[in-house]
Structures are given as C-alpha cells and as structure tokens.
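Coordinate analysis (summary)
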Amino acid sequence: MAANLYDLVVSAEPLDLDSSAVASLADKAYVAIRDRLIMLDIRPGDPIDDDELAGDLDVGRTPVREALKRLEGDRLVVSYPRRGTFATGMDISDLAHISDIRAQLEPLAARRAAERAVRTAHAELEDLASRIQHLDVSQIDRTELMRWDLAVHRAIYRAAGNPHLEDVLIRYDNLATRIFCLFLDRLPTVDEHVGEHVELLRAIAAGDADRADDLAREHVLGFEQAIRAVI
C-alpha cells in the first residue's frame, strides 16, 4: 500500500492510490482524466476536448489521446467517428449490471485479503479503519468522503494479492462510484456507507475471512438499495 495513502485520499490529487503506477505522461493523463470522470467533474455525455485537457494537465495531445483510448476500454468514455469523444452516459440499468458483478467479486477480494495478506498489510488496513472511524464527517464534504470510499476499496483489492481481480474490481468500482456521485446530494446516508468500511477492514485485518466476505456483500447490496431508494 502506498505510504502516502491518507494524504492522497484527502487531497485533490488524482485517485490512483499507488503513485508508482504513474510512470509516464500517458499514465498521468489517464489517472487525472479518470478522476474527473469518476467524480463527475466531467459529466455524463459531456464532450471531451483533447486540447483543453492537454493544457490543463500540462501534457501533449498524444498522452491525452492514449489515455482516452484506455478510458474507452474502461467504459468511461465513448468515441464516435466524425463526432469526437464523450463521457459515457449513464442508465439506471447499469446499476443492476455493475452490482451483480461486484456482489460476486467484492466478497472474494475481501476473503482473499483476510486469508492471504501479509501481516504489514493487515496492520495498514487496521490503521485505515481507525482513521475512518475518527473522521469528523461534519467537517468533510461528500466528495471527500467518496475519496475515502475509493481508498478503502483500493486497499482491499491490493491486499487480496490477485492483480487480475484487482484490475476488474477497480474498473467496476469506478463505474459504481460514478453512479454514486450522480445521486450524492440526494443520499442521506453517505457517511454511514463510508463508515461501514470500519467493520469490514477490521474483519480482514483480523483474518476473519467469512465475516469479511459477508460484510463486503452486504456493503455492495446496500449501495444498490440506497441508490434505488432515491431514484
């Protein structure tokens, strides 16, 4: 887990929580644009301006175009011949499809993290749980709470020790977070949703795989139920 995890989570930095992954200008552009798409700084359906992004990120157009190709594979942008590239739209049917996948794979990641993570990773997860437990949610805006949510999921995926599972879950967690952000102002229990991570992280840190599996599944299903309640 990146040493500067917590500083990164509560800042305006891009959401890639492992700085070692940002190894090139294309990687830098990918992470920064992905951040904007996930947190809805670029809204669903918005056109993507290559030149504007290149200027904002202080990179050339080539890294931006490479990043956009990757983001199209992530289903965060879509390109049309002669029309350009746009942030992918969102349909409520996406919620069921994404939740269906996450309800199977998030518990698996939590279980594997509890079973396989090295002792130092368990200690870091316990530390993350303590930090979340002591957050003053009255002083943190909801966007920042979502960054904590992302940080928890990334930490669990890494601790599971399966890079293929991690890649798949990051992709679907990004899509789920995008939906969450769309309804963020209408959800009354965002702080409770983030707070659920405390018990989950502690179950993993304690090596309680069955409990971690159950809590992860409840968390994903609770997310879907919370969204449906405000639609």
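Everything that follows concerns the structure shown earlier in this document.
The structure reproduced in this document is the subject of the present report. Note that the structure is a prediction, hence the values are computed from the model and not measured.

**What about the packing of aromatic side chains?**
This model, assessed by the stated rule, comprises two aromatic pairs. The ring of Y30 carries R70 above its face, with NZ or CZ at 3.7 Å from the centroid. Just above the ring of Y80 sits the side chain of R83; from NZ or CZ to the centre is 4.6 Å.

**Some thoughts on the packing of helix α5 (residues 93-116) against helix α7 (residues 142-160)**
With their axes 7 Å apart at the nearest point, α5 and α7 run at an angle of 60 degrees to one another. Overall, the two elements α5 and α7 adopt an arrangement that is oblique. In this structure, the crossing between α5 and α7 has a hand that is left-handed. For the pair α5 and α7, the contacting residues are R102, E106, A109, A110, R112, A113 and R116 in the first and H153, I156, Y157, A159 and A160 in the second.

**What about the packing of helix α6 (residues 119-133) against α7?**
Running from amino to carboxyl end, α6 crosses α7 at an angle of 165 degrees, the nearest separation of the two axes being 11 Å. Compared by their axis directions, α6 and α7 come out roughly antiparallel. For α6 against α7, the interelement crossing comes out left-handed. For the pair formed by α6 and α7, the contact residues are L125, L128, R131 and I132 on the first element and W148, A151, V152, A155, I156 and A159 on the second.

Cut-offs and rules
Residues numbered from 1 in each chain as written. Predicted model: local features only at pLDDT ≥ 70, side-chain atom pairs only at ≥ 80, totals over all residues. Heavy atoms only, no water. Phe/Tyr/Trp six-rings, centres within 6.5 Å; stacked < 30°, edge-to-face > 60°. Lys NZ or Arg CZ within 6 Å of the ring centre and 35° of its normal. Axes fitted to C-alpha atoms, helices over the stretch in contact; angles between N-to-C directions. Helix = DSSP H or I, 4+ residues; strand = E, 2+ residues; numbered from the N terminus. Parallel < 35°, antiparallel > 145°, perpendicular 65-115°, else oblique. Left-handed = near helix turned anticlockwise from the far one by under 90°. Contact = heavy atoms within 4.5 Å.

Honestly, that's just the spatial picture; any functional story needs more than this.
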